[in-house]
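# Fold and geometry: a report
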Amino acid sequence: MGDCYLIAELNAIKHTKDGDKILSRNIQKTEKGLIVTLPGAVMKKKQIESSGKKTNITGVYYIPNETLEKAKAQSGGAYARGDLDVIALELAIEAYYAEARGAIQSNLADAISDITGASVSNKTDYINGGTSEEVEFLLTGVNNNMSVKKNQTMLFDDTKYKRISRRELDNIPTQKPTKKPNTSNITKKLDSLQGNEHKFAIKAYVTCAKNGKDGVTKAGGNHAVTVLKITNDYVYIENPWHLQEEDSVQVIPRKEFEAMTYQLNATEMDITSINDNYRKINYIKELDIEQLSKIIKSFYK
């Protein structure tokens, strides 16, 4: 699966009404890099420590400018295509996975330095094959609240469907769902989301009919896409492989989409509750500023 789940999740959050605000809250800019806070990671750290156990998880990651530039040079390969903020979030999530898997056993400064170094040199791909639900929790502290699974009867062929631009998508009118007899759970869930897509981060899981454009996903492999708009006849998605292209939106007949989707996830992105999660972790107050200063300085000795 590679990192499609991560890119599909980031794109799904960005597509919501307050998506840019939600993601930008995770990032603090400094003169020489970005500090990324993952509220869900901080929650996990607190939960583990409250049980009397120790953990490598920090939840706050400093990404120097030179690390960001190295990762940007690998965008579309080892890292996502996108602006530096998106790349920083991916690096931070990779750092979290390295910590959570016990790959780093040193002190906080060494851990962050080792993780970002490992990320850019591709020594270990810690983010390969995760889930969008966990990434969603790491980025927002919100747990997935809508998930529907079913047996698929069709494979996803990325080359088969018409593509349009986001601008063209914006001109497609919203429709109320039509009543359908004997509907599946996927159909019912799509109907409930139809017209409310701007409130929810929506992802679909499919199985690919052919090798993916990313060079990682193989025929028969699972893949995650972002659902942008739902009508009675079509579902409009963005595949992580095409995000930097003008015609990034794929138009899939709704019956085919329902046949190929084996899991549909949707979580309401309510900025008020997400802001509450930040207040709950109270992390800025707890963060040892002197320690953070040492971390930053360690990159520039």
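Computed from a prediction, not measured in an experiment: that's the story for all the values here. (Residues numbered from 1 in each chain as written. Predicted model: local features only at pLDDT ≥ 70, side-chain atom pairs only at ≥ 80, totals over all residues. Heavy atoms only, no water.)

## Describing helix α9 (residues 185-193)
Let me state the cut-off plainly: Categorising residues by exposure relies on relative accessible area from a 1.4 Å probe, with only protein chains included: less than 20% of the type maximum marks a residue as buried, more than 50% marks it as exposed, and the intermediate range marks it as partly exposed. Only DSSP runs of H or I covering at least 4 residues are called helices, and only runs of E covering at least 2 are called strands; the numbering of each starts at the N terminus. As used here, the arc is the angular range of directions from the helix axis to the C-beta atoms. Residues count as neighbours in contact if any of their non-hydrogen atoms are within 4.5 Å of one another.
Among all positions in α9, only Ile186, Thr187, Leu190, Asp191 and Leu193 are buried. Across the axial projection of α9, the buried residues extend over an arc of 165°, all falling on one side. Elements that come into contact with the buried residues of α9 comprise β4 (147-149), β6 (200-207), β7 (222-230), α10 (254-260) and β10 (263-268). Note on α9: the residue one or two positions beyond its end, Gly195, has a positive phi of about 90°.

## Thoughts on the pairing of β7
Stated formally: At least two DSSP bridges between two strands are needed for those strands to be called paired.
Within β7, eight of the nine residues are buried, leaving the element largely enclosed by the surrounding structure. Judged from the five bridges that link them, β6 and β7 form a sheet pairing that is antiparallel. Bridge pairing links Val206 to His223 in β7. Hairpin remark: β7 followed by strand β8 (residues 234-238), antiparallel, with three residues in the connecting loop.

## Notes on the nonpolar core
Applied cut-off: Here the nonpolar core consists of buried residues drawn from Ala, Val, Leu, Ile, Met, Phe, Trp, Tyr and Cys, with membership extended through side-chain atoms lying within 4.5 Å.
Val36, Leu38, Tyr61, Ile93, Tyr96 and Leu139 are the most contacted members of the largest nonpolar core, which totals 40 residues. Of all elements in the fold, only α1 (4-15), α2 (19-24), β2 (33-37), β3 (60-64), α4 (65-73), α5 (84-100), α7 (132-140) and β6 reach the threshold of two or more residues within this core. Per element, the largest residue contribution to this core is 10 residues, and it comes from α5. Setting aside residues up to four positions removed in sequence, Leu139 forms contacts with Leu10, Ile13, Leu23, Asn26, Leu38, Pro39, Leu89 and Ile93. Within the second largest apolar cluster, 22 residues are counted, among which are Val148, Val227, Val235 and Trp241.

## Quick notes on the packing of aromatic side chains
Selection rule: Side-chain rings of Phe, Tyr and Trp, where Trp is taken by its six-membered ring, are said to pair if the distance between their centres is within 6.5 Å; with planes under 30 degrees apart they count as stacked, over 60 as edge-to-face, and otherwise as tilted.
This structure, assessed with the given rule, holds three aromatic pairs. Here the aromatic rings of Tyr205 and Tyr262 are separated by 6.1 Å at their centres, their planes lie at 35°, and the arrangement is tilted. On the criterion of sequence distance, the pair formed by Tyr205 in strand β6 and Tyr262 in the loop between α10 and β10 is long-range, its members being 57 residues apart. Here Tyr234 and Tyr236 contribute two aromatic rings whose centre-to-centre distance is 6.4 Å and whose plane-to-plane angle is 55°, an arrangement assigned as tilted. Take Tyr234: its relative accessible area is 36%, and that puts it in the partly exposed class.

## Remarks on the side chain of Ser248
Applicable threshold: Any pair of nitrogen or oxygen atoms within 3.5 Å is treated as a polar contact; in protein, a donor-acceptor pairing is required on top of that, and neighbouring residues in sequence qualify only through side-chain atoms on both sides.
Within the secondary structure layout, Ser248 lies in the loop between β8 and β9 (249-253). When its relative accessible area of 3% is taken as the criterion, Ser248 is described as buried. Among the polar contacts made by the side chain of Ser248, one reaches the side chain of Glu238 at a distance of 2.5 Å. Setting aside anything within four residues of it in sequence, one finds Ser248 in contact with Ile164, Arg166, Ile237, Glu238, Asn239, His242 and Leu243.

## Describing the pattern of salt bridges
To keep it simple, the criterion reads: Each salt bridge in this description consists of a side-chain nitrogen of Lys or Arg and a carboxyl oxygen of Asp or Glu lying within 4 Å of one another.
Under the counting rule described, the total for this entry stands at 15 salt bridges. Where Lys14 meets Asp20, a salt bridge forms, and the shortest distance between an N and an O atom there is 3.1 Å. What makes Lys14 partly exposed here is its relative accessible area of 35%. For Asp20, a relative accessible area of 48% gives the class partly exposed. In this structure, Asp247 and Arg163 form a salt bridge, with 3.3 Å as the shortest nitrogen-oxygen distance. Taken together, the positions of Asp247 in the loop between β8 and β9 and Arg163 in strand β5 (residues 163-164) put the pair 84 residues apart, joining distant regions of the chain. One continuous salt-bridge network, built from bridges that share partners, spans Arg163, Lys213, Glu245 and Asp247.

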